[in-house]
Amino acid sequence: MPIDNDYFKNRQNNNNGGGNNNGGGNFQPPFETPEFFKNFGKKAGMLYVVIIIIGALFIFKPFVIIESGQVGIKATTGKYDETPLNPGFHLYVPVFQKVIIVDTKVRLLNYRSVEEMSGFDAGIKINPAINILDARGLPVSIELTVQYRLTASGAPFTIATWGLSWEDKIVNPVVRNVVRNVVGGFNAEDLPTKRNEIATMVEQGIREQIENLQGKPVSIESVQLREIVLPIKIKEQIERVQIANQESERVRYEVLRAKQEAEKRAAQATGEAEAKRIEAQGRADAVTIEAKAQSVANKSIAESLTPSLLQMQQIEVQGKFNDALRDNKDAKIFLTPGGSTPNIWVDTKDKARDAAINK
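Criteria and cut-off values
Within every chain, residues take consecutive numbers counted from 1 along the sequence as written. Under the rules for a predicted model, residues below a pLDDT of 70 receive no local features and side-chain atom pairs below 80 are neither given nor counted, while totals for whole chains, interfaces and linings still include all residues. Water and hydrogen atoms were dropped before computing side-chain values, which therefore reflect all heavy atoms in the structure. Each salt bridge in this description consists of a side-chain nitrogen of Lys or Arg and a carboxyl oxygen of Asp or Glu lying within 4 Å of one another. Runs of H or I in DSSP of at least four residues are treated as helices and runs of E of at least two as strands, each being numbered from the N terminus. When a residue's accessible area, from a 1.4 Å probe over protein chains only, is under 20% of the maximum for its type it is buried; when over 50% it is exposed; and in between it is partly exposed. Two strands form a pair only when DSSP identifies at least two bridges running between them. Here, two residues are considered to be in contact whenever any of their heavy atoms come within 4.5 Å of each other. For every element, the axis is a line fit to its C-alpha atoms; helices are fit only across the contacting stretch, and the angle between N-to-C directions ranges from 0 to 180 degrees. Take the residue count of a helix, subtract one, and multiply by 1.5 Å to get its expected span. Working definition: the arc comes from the directions between the helix axis and the C-beta atoms, pointing outward to the latter. Here the angle decides the label: under 35 degrees means roughly parallel, over 145 means roughly antiparallel, 65 to 115 means roughly perpendicular, and every other value means oblique. In the scheme used here, Gly and all other residues not listed as nonpolar or charged are polar, with Ala, Val, Leu, Ile, Met, Phe, Trp, Tyr, Cys and Pro taken as nonpolar and Asp, Glu, Lys and Arg as charged.

Caption draft 1: The arrangement of the pattern of salt bridges in detail. Within the structure shown, the criterion is met by 11 salt bridges. Residue R107 pairs with E167 through a salt bridge whose shortest N-O separation is 2.6 Å. A residue pair is termed long-range when its members are at least 10 positions apart, and R107 in strand β6 (residues 107-112) and E167 in helix α6 (residues 166-183) qualify at 60 residues. Here D168 makes a salt bridge to K125, at a shortest N to O gap of 3.0 Å. Taken together, the residues span a long stretch of sequence, with D168 in helix α6 and K125 in strand β7 (residues 124-128) at a distance of 43 residues. Overall, D168 belongs to the partly exposed group, its relative accessible area being 43%. One salt-bridge network, held together by shared partners, links E203, R207 and E211.

Shown next as structure tokens:
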């Protein structure tokens, strides 16, 4: 509480006025008032104003801090500003203005057949699997995950148009509609084999429909086809077809293998026969060559046997006979008809040979 300086002044004046009774007019107060308290009365009003302002800041909070991955939408008397507030510190006028903070980070929308705990992340939403009738009217369930984010630049327009529940009004209906249109054009038993084609068609359809909306309110990051849940009878039928296909493939492989083995053996037999033919041809060619060479040699020999040469050879043989008669006077000489060379002589000292000749 401020100290009243007038109290000390009155006390001093009273003491001065009645100084004769107390015997003096030089009364002093018991202590000197600090300079701060002397001027406190003048500054008290300003201090009160500061305190009131600080209290009002805490009570009305006319500022907002926007974090990364968020944007702010300022509404003045209910009308949204077209330009969003980027991350940082921003002031606004309470009562007349308010700031709505929306998340622009990537969000996940999961469509599942079985509910699973996924924590408390507000950016992950779980919806039931999408039930569809195939081209023949059989029930099929599709499980997929959609990753998307709110477009920061168009956030004010999106919230003004669709409201804060924009996800359930933009993303969810488009996803269900596209999946039904795409999957409904196939037979249930064809879905597993055409999974990649269906996933591409679904992602393209969702992306085109959402990003073509006015202002491009949402950006699709990815669409992942997680599971195609078929009826039990269709599963059993597909399994039987797969088993039959595997058996047919095995038989075809065995036939192809047997054919390859037969072709291999035929090739080996052909190779062996060709080798033998080549070998026989080689031998025949060798005999032919040898015969031709012999024929040429005989022809050369025949051409070289002139009458003079034959006569000379006869003289040489006759000389050998004469030499033989000198050694063996009992030898017998036989002349071939016409006196051709050579003549034949036989040693008659061999009685057995001599008897054979005489016969």
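Caption draft 2: Structural detail: the sheet that holds strand β5 (residues 97-103). With antiparallel pairing, the 3 strands of this open sheet are ordered in space as β3-β2-β5. Of all the strands in the sheet, the pair left with one neighbour each is β3 (79-80) and β5. As judged from the 2 bridges shared by strand β2 (residues 70-76) and β3, these two strands associate in the antiparallel manner. In the strand pairing of β3, T76 is matched with K79. Seen against the sheet, helix α5 (residues 155-162) touches β2, β3 and β5 and runs at an angle of roughly 60° to β2.

Caption draft 3: A look at helix α7 (residues 195-211). For α7, built from 17 residues, the straight-helix expectation of 24 Å at 1.5 Å per residue is met to within 8% by its first-to-last C-alpha distance of 24 Å. For α7, the complete set of buried residues consists of I198, V202, G205, I206 and I210. For α7, the arc enclosing every buried residue in end-on projection is 110°, short of the 170-degree limit, so these residues lie on one face. Residues of α7 that are exposed and angled more than 90 degrees away from the buried face: N196 and E208.

Caption draft 4: Region of the structure containing the packing of α5 against α6. As a packed pair, α5 and α6 sit with axes 9 Å apart at the nearest point and diverge in direction by 95°. In this view, α5 runs roughly perpendicular relative to α6, as classed from their interaxial angle. Judged by residue contacts, T158, I159 and W162 of α5 engage W166, K169 and I170 from α6. Partitioning the contact of α5 with α6 into residue classes produces 4 nonpolar, 1 polar and 1 charged.

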